[in-house]
Amino acid sequence: GPEYKRDFLAVMKHTDSFTRRIAVGELMQYVQEPEVLAALVSALKDPDPLVRSQVLVAIAKVAGPQLVDPLLEAVQDEDPGVRCNAPHSLRRKDT
């Protein structure tokens, strides 16, 4: 419910990157909600490339012009794993 979602939104700011990855995974089911989507898009700037990659998987289910710029930035990410996931997320939006 709402409290569960709110808890995981708070965990997105945790200092431990593994904990943040768990939060991204749990928030995937709420990705259509604006508050969650905004938190996930912000997490594309996370210092951990595994968090950024997982965010790309999570937001791939959502289409919208607000995601084009963040996804285009992800295509140029310093981490090859993130760069690899970004085009897949862009392609999923076209289908």
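Remember, it's a predicted structure, so these values are computed and weren't measured experimentally. (Residues numbered from 1 in each chain as written. Predicted model: local features only at pLDDT ≥ 70, side-chain atom pairs only at ≥ 80, totals over all residues. Heavy atoms only, no water.)

K.L.:
Give a detailed account of the packing of aromatic side chains, specifying residues and quantitative values.
P.N.:
Overall, the coordinates contain two aromatic pairs when judged by the stated rule. Between Y4 and Y30, the aromatic rings sit 6.4 Å apart at their centres with planes inclined by 55 degrees, giving tilted as the arrangement. Placement of Y4 in helix α1 (residues 2-11) and of Y30 in the loop between α2 (17-27) and α3 (34-42) is noted, with a sequence separation of 26 residues between them. Exposure remark for Y30: the relative accessible area of 14% places this residue in the buried category. Members of the aromatic cluster, joined through ring pairs, are Y4, F8 and Y30. (Phe/Tyr/Trp six-rings, centres within 6.5 Å; stacked < 30°, edge-to-face > 60°. Helix = DSSP H or I, 4+ residues; strand = E, 2+ residues; numbered from the N terminus. Buried < 20%, exposed > 50% of the residue type's maximum accessible area, 1.4 Å probe, protein only.)

K.L.:
Quick one: what's the story with a nonpolar patch on the surface, residue by residue and with numbers?
P.N.:
Together, V68, L72 and V75 line one region of the surface with nonpolar side chains, adding up to about 210 Å² of accessible area. Its relative accessible area of 43% is what places L72 among the partly exposed residues. (Patch = residues over 30% accessible without salt bridge, like charges linked within 9 Å, V, L, I, M, F, W, Y side chains within 5 Å. Areas by Shrake-Rupley, 256 points an atom, 1.4 Å probe, with all protein chains shown as cover. Salt bridge = Lys/Arg side-chain N within 4 Å of Asp/Glu carboxyl O.)

K.L.:
Help me get a handle on the confidence of the model for the protein, residues and values and all.
P.N.:
When pLDDT is averaged along the protein, the result is 88, and 94% of the positions lie at 70 or above. Looking over the protein, one finds the lowest element-wise mean pLDDT in helix α6 (residues 80-94), namely 76, and the highest in α2, namely 95. (pLDDT = per-residue confidence, 0-100.)

K.L.:
Before we move on, could you go through the nonpolar core and cite the residues and values that matter?
P.N.:
Counting 25 residues, the largest nonpolar core has M12, V24, L27, L40, V55, L56 and I59 as its most contacted members. Of the residues forming this core, the biggest block, five residues, is contributed by helix α4 (residues 49-59). Not counting the four nearest positions on each side in its chain, L27 is found in contact with K5, F8, L9, M12 and V36. (Core = buried A, V, L, I, M, F, W, Y, C linked by side-chain atoms within 4.5 Å. Contact = heavy atoms within 4.5 Å.)

K.L.:
Give a detailed account of α4, specifying residues and quantitative values.
P.N.:
One turn of the α-helix equals 3.6 residues, which is why residues spaced by three or four share an orientation. V51, R52, S53, V55, L56, A58 and I59 are the residues of α4 that are buried. Sitting at the head of α4, D48 places a side-chain oxygen 2.6 Å from the backbone nitrogen of L50. (Polar contact = N/O pair within 3.5 Å; in protein donor to acceptor, adjacent residues only side chain to side chain.)

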